[in-house]
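# Close look at the chain arrangement
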Amino acid sequence: MARSQLQKELGKRGPFDSPEQEACLNILRTSDRLQNRLGRFFREFGLTASQYNVLRILRGTGRPMPSLEIAERMIQVVPAITGLIDRLQKQGLVERRRCQEDRRVVYVEITARARELLARMDEPLRQLHKELLGHLGRSELVELSRLLEKARARLP
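Now for a look at the structure at hand. Every value quoted in this text rests on a predicted model; they were computed, and no experiment measured them.

## A closer look at the overall build of the protein chain
Secondary structure assignment for the protein chain yields seven helices and three strands. For the protein chain, the N- to C-terminal ordering of α and β elements is α-α-α-β-α-α-β-β-α-α. Over its C-alpha atoms the protein chain spans a radius of gyration of 19 Å, topping by over 25% the 15 Å that the globule rule assigns to 156 residues. When its C-alpha atoms are laid out on the principal axes, the protein chain stretches across 65 × 35 × 30 Å. Considering only intrachain contacts with a sequence separation of at least 6, the fraction spanning at least 24 residues in the protein chain is 46%. Summed over its atoms, the accessible surface of the protein chain is roughly 11100 Å², and 53% of this surface lies on carbon and sulfur atoms. With 30 positive and 20 negative side-chain charges, the protein chain shows a spacing of 2 Å between the two charge centroids.

Written out as structure tokens, the structure is:
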């Protein structure tokens, strides 16, 4: 049996222990490549992927949000959302304010400066997505998303 592309990339001579192992390693390898390329893109704009994610969430909701709600919507789990928001605030990209009814709740709001930054990033990011996955057809992309969602549905 011919070696898979992943076996070649990893220099693995023998077969994987199971199709589940090979699929899992394929997902991790692909994720690493995508994260590295996207990370370089975000650094060009002075952001990390997580910082961009916070700004994307805030722009999308169009309203100030409690920091814990932002954390729940993040693509990747961020253990220290407070520190992440601190860094965005220092860059002038978000503002914070305490809830008057419950002083424990902190609302985070996107600034005009952040909206301008995101507007500059929108088209280059669309192009990067096409560069990274545009070689797949529309039906393949839909199927890939469906399969990834199905795989994720059983995860805690």
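## A few points about the sheet that holds strand β1 (residues 65-66)
Pairing is antiparallel across the open sheet formed by three strands, whose spatial order is β1-β3-β2. If you trace the sheet from one side to the other, it starts and ends with β1 and β2 (94-98), each paired once. Examined bridge by bridge, β2 and strand β3 (residues 106-110) share five bridges and lie antiparallel to one another. From the neighbouring strand, Arg-97 faces β3, where its bridge partner is Tyr-107. Where helix α5 (residues 81-90) meets the sheet, it contacts β2 and β3, and its direction lies at approximately 120° from that of β2.

## Section: the packing of aromatic side chains
Inspection of every chain in the model, using the stated rule, returns three aromatic pairs. Each member of the aromatic cluster is reached from another via a ring pair, and the members are Phe-41, Phe-42, Phe-45 and Tyr-52. Just above the ring of Phe-16 sits the side chain of Lys-12; from NZ or CZ to the centre is 5.4 Å.

## Structural notes on the pairing of β3
On β3, burial follows the alternation: Val-106, Val-108 and Ile-110 on one face are buried, whereas Tyr-107 and Glu-109 on the facing-out side are not. As paired strands, β1 and β3 are joined by two bridges and run antiparallel to one another. Across the sheet, Met-65 pairs through a bridge with Val-108, a residue of β3.

## Details of the layout of surface pockets
A volume near 1800 Å³ is recorded for the largest pocket. Along the walls of the largest pocket sit 36 residues, with Ser-31, Leu-34, Ile-75, Leu-148 and Arg-152 positioned nearest its centre. Looking at the lining of the largest pocket, the elements with two or more residues in it are α2 (19-44), α3 (49-61), α6 (112-133) and α7 (138-153). Here the element with the most residues in the lining of the largest pocket is α2; it accounts for 11 residues.

## Looking at the nonpolar core
Residues Phe-42, Leu-47, Val-54, Leu-55, Leu-58, Ile-70 and Met-121 are the most contacted members of the largest nonpolar core, which totals 28 residues. For this core, the secondary structure elements donating two or more residues are α2, α3, α5, β3 and α6. Among the elements that line this core, the one with the most residues is α6, at seven residues.

## What to know about the packing of α2 against α6
Close contact between α2 and α6 brings their axes to 11 Å; oriented N to C, the two are set at 160°. In this view, α2 runs roughly antiparallel relative to α6, as classed from their interaxial angle. Judged by the sense of rotation from one axis to the other, the crossing of α2 with α6 is right-handed. Packed against α2, whose contacting residues are Leu-34, Arg-37, Leu-38, Phe-41 and Phe-42, the element α6 presents Met-121, Pro-124, Leu-125, Leu-128, His-129, Glu-131 and Leu-132 at the interface. Taken together, the residues of the contact of α2 with α6 sort by class into nine nonpolar, one polar and two charged.

## Focus on the environment of Ala-112
On the secondary structure map, Ala-112 appears in helix α6. For Ala-112, a relative accessible area of 53% puts it in the exposed group. Considered as a pair, Ala-112 and Glu-143 are 31 residues apart in the sequence and their alpha carbons are 37 Å apart.

What counts and what doesn't
Once a new chain begins, its residue numbering starts again from 1 and follows that chain's sequence as written. Only residues with pLDDT of at least 70 get local features here, since the model is predicted, and only at 80 or more are side-chain atom pairs given and counted; chain-wide, interface and lining totals rely on the full set of residues. Each side-chain value is derived from all of the structure's non-hydrogen atoms; neither hydrogens nor water enter the calculation. Secondary structure is summarised from DSSP: a helix means a run of H or I of at least four residues, a strand means a run of E of at least two, and numbering begins at the N terminus for each. Atoms counted for the radius of gyration: C-alpha only. Globule rule: 2.2 Å times residue count to the power 0.38. When checking whether two residues touch, look at their non-hydrogen atoms; a contact exists if any pair is within 4.5 Å. Accessible surface is estimated by sampling points in the Shrake-Rupley manner with a 1.4 Å probe; for residues, cover comes only from the protein chains shown. When charges are tallied, Lys and Arg are placed among the positive residues and Asp and Glu among the negative ones, while His and the ends of the chain are skipped. The atoms used to mark charge sites are NZ of Lys, CZ of Arg, CG of Asp and CD of Glu. By this definition, two strands are paired if DSSP reports at least two bridges between them. Only the stretch in contact is used when a helix axis is fitted, and all axes are lines through C-alpha atoms; the angle between N-to-C directions ranges over 0 to 180 degrees. Within 6.5 Å between ring centres, the rings of Phe, Tyr and Trp (the latter by its six-membered ring) count as paired, and their orientation is classed by plane angle as stacked under 30 degrees, edge-to-face over 60, tilted in between. Cation placement over rings: the criterion is NZ of Lys or CZ of Arg within 6 Å of the ring centroid and within 35° of the ring normal. Exposed residues in this analysis have more than 50% of their type's maximum accessible area, buried residues have under 20%, and partly exposed residues fall in between, with area computed by a 1.4 Å probe over protein chains only. We place a 1 Å grid over just the protein atoms. Points where a 1.4 Å probe fits but has no way out form a cavity, open points with protein on both sides within 12 Å along at least 5 of 7 lines form a pocket, and any residue with an atom within 4 Å of a point lines it. Grid points are joined across faces, edges and corners, and a volume is the space filled by probe spheres set on the points. Residues grouped as a nonpolar core are buried Ala, Val, Leu, Ile, Met, Phe, Trp, Tyr and Cys residues, joined through side-chain atoms within 4.5 Å. Comment on the angle field: the value is read as roughly parallel under 35 degrees, roughly antiparallel over 145, roughly perpendicular from 65 to 115, and oblique elsewhere. Less than a right angle of anticlockwise turn of the near helix away from the far helix marks a crossing as left-handed, whereas a clockwise turn marks it as right-handed. In this classification, Asp, Glu, Lys and Arg are treated as charged, Ala, Val, Leu, Ile, Met, Phe, Trp, Tyr, Cys and Pro as nonpolar, and every other residue, Gly included, as polar.

Nothing here speaks to function; it is all geometry.
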